[in-house]
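What follows is the residue order along each chain.
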Amino acid sequence: MKKLLTKILATTGLTLITLATIASLCGGKFLFISSVYQSLAVNVIIYLGLNIIQNIESEYFIIDVFRDVTFILFILTAGYLFDWYKSTPLWVVIIMSVIIYVISCFINIVKVTDDIAFINNQLEINKKKD
């Protein structure tokens, strides 16, 4: 549960930074406080949904990535609930989502690499003991 909460909060932070960057490039001057809560709500929905759909794994990595991206784009329909598309075009939201997904994947790769290095180190220590 702690890892899930950490992931949700980290992705919400990435979302808000990406949103602020894109808004600044498009001439925006401020973010509404409701954007923070909306981003958090969408990220909670995304992670809960991803936890459910990741139980259905494929042999092929590309199918898993396609499934994840499709799910996230499907979640973007939540933008209609929050009226995002009155102020932000859909293509901007899609680009922002792809950027956030790629950054999240990169962070995940770094974490997995660290975990693999730790496991290999522990195996070497155990091997030397034998």
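Thresholds, definitions, all that
- Residues numbered from 1 in each chain as written.
- Predicted model: local features only at pLDDT ≥ 70, side-chain atom pairs only at ≥ 80, totals over all residues.
- Heavy atoms only, no water.
- Helix = DSSP H or I, 4+ residues; strand = E, 2+ residues; numbered from the N terminus.
- Rg over C-alpha atoms; globule rule 2.2 N^0.38 Å.
- Contact = heavy atoms within 4.5 Å.
- Areas by Shrake-Rupley, 256 points an atom, 1.4 Å probe, with all protein chains shown as cover.
- Lys, Arg positive; Asp, Glu negative; His and termini not counted.
- Charge placed at Lys NZ, Arg CZ, Asp CG, Glu CD.
- Axes fitted to C-alpha atoms, helices over the stretch in contact; angles between N-to-C directions.
- Parallel < 35°, antiparallel > 145°, perpendicular 65-115°, else oblique.
- Left-handed = near helix turned anticlockwise from the far one by under 90°.
- Nonpolar A, V, L, I, M, F, W, Y, C, P; charged D, E, K, R; others polar.
- Salt bridge = Lys/Arg side-chain N within 4 Å of Asp/Glu carboxyl O.
- Buried < 20%, exposed > 50% of the residue type's maximum accessible area, 1.4 Å probe, protein only.
- Expected span 1.5 Å × (residues − 1).
- Core = buried A, V, L, I, M, F, W, Y, C linked by side-chain atoms within 4.5 Å.

> Explain the overall build of the protein chain to me, please; I cannot follow it from the model alone.
Regarding its fold elements, the protein chain presents 5 helices and 0 strands. Mapped in sequence order, the helices and strands of the protein chain form the string α-α-α-α-α. Relative to the 2.2 N^0.38 estimate, which gives 14 Å for 130 residues, the radius of gyration of the protein chain is 18 Å and therefore markedly larger than a compact globule would have. If one aligns the C-alpha atoms of the protein chain with their principal axes, the spans along those axes are about 65 × 30 × 25 Å. Within the protein chain, contacts between residues at least 6 apart in sequence are counted, and of these 64% link residues at least 24 apart. Here the protein chain displays about 9700 Å² of accessible surface, and carbon together with sulfur accounts for 71% of that area. Of the side chains in the protein chain, 10 bear a positive and 9 a negative charge, and the two mean positions are spaced by 9 Å.

> Which parts of the structure should I look at to understand the packing of helix α1 (residues 2-25) against helix α2 (residues 33-53)?
Between two packed helices, both the angle of their axes relative to each other and the distance between the axes serve to describe the pair. For the pair α1 and α2, interaxial distance at closest approach is 9 Å and the crossing angle is 135°. With respect to their mutual orientation, α1 and α2 come out oblique. By crossing handedness, the relation of α1 to α2 is classed as right-handed. Between α1, through Leu 4, Lys 7, Ile 8, Leu 9, Thr 11, Thr 12, Thr 15, Leu 16 and Leu 19, and α2, the contact on the second element is made entirely by Ser 35, Val 36, Ser 39, Leu 40, Asn 43, Val 44, Tyr 47, Leu 48 and Asn 51. Of the residues contributing to the contact of α1 with α2, the split by class is 10 nonpolar, 7 polar and 1 charged.

> For this particular structure, what's the right way to read the pattern of salt bridges?
If the charged atoms of two oppositely charged side chains come close together, the side chains can form a pair. Per the stated rule, a full pass over the model turns up 1 salt bridge. Among the ionic pairs, Asp 115 bridges to Lys 111, the shortest N-O distance being 3.1 Å. Of this pair, Asp 115 and Lys 111 both sit in helix α5 (residues 90-129), 4 residues apart, which is roughly one turn of that helix. By relative accessible area, which is 33% here, Asp 115 ends up partly exposed.

> What is the right way to look at α1 in this model?
Turn by turn, an α-helix covers 3.6 residues, leaving residues three or four places apart pointing in a common direction. Its 24 residues place the ends of α1 35 Å apart at the C-alpha level, agreeing with the 34 Å of an ideal helix rising 1.5 Å per residue. Among the structural elements, α2 and α5 are those in contact with the buried residues of α1. Trailing α1 by a residue or two, Gly 27 shows a phi angle of about 95°, which is positive.

> It is not clear to me how the nonpolar core should be interpreted in this structure. Could you clarify?
The nonpolar side chains of a soluble globular protein tend to be buried with one another. Ranked by internal contacts, the top residues of the largest apolar core, which has 13 residues, are Val 42, Ile 46, Leu 50, Phe 71, Ile 75 and Tyr 85. Looking at this core, the elements with two or more residues in it are α2, α3 (61-75) and α5. The contact partners of Phe 71, leaving out residues within four places of it in the chain, are Ile 45, Ile 46, Gly 49, Leu 50 and Ile 53. Residues Leu 19, Ile 22, Met 96 and Ile 100 belong to the second largest nonpolar core, which totals 6 residues.

> Would you take a moment to explain α3 for this structure?
The first and last C-alpha atoms of α3 sit 21 Å apart over 15 residues, in line with the 21 Å expected at 1.5 Å per residue. Buried residues in α3 make contact with α2, α4 (78-81) and α5.

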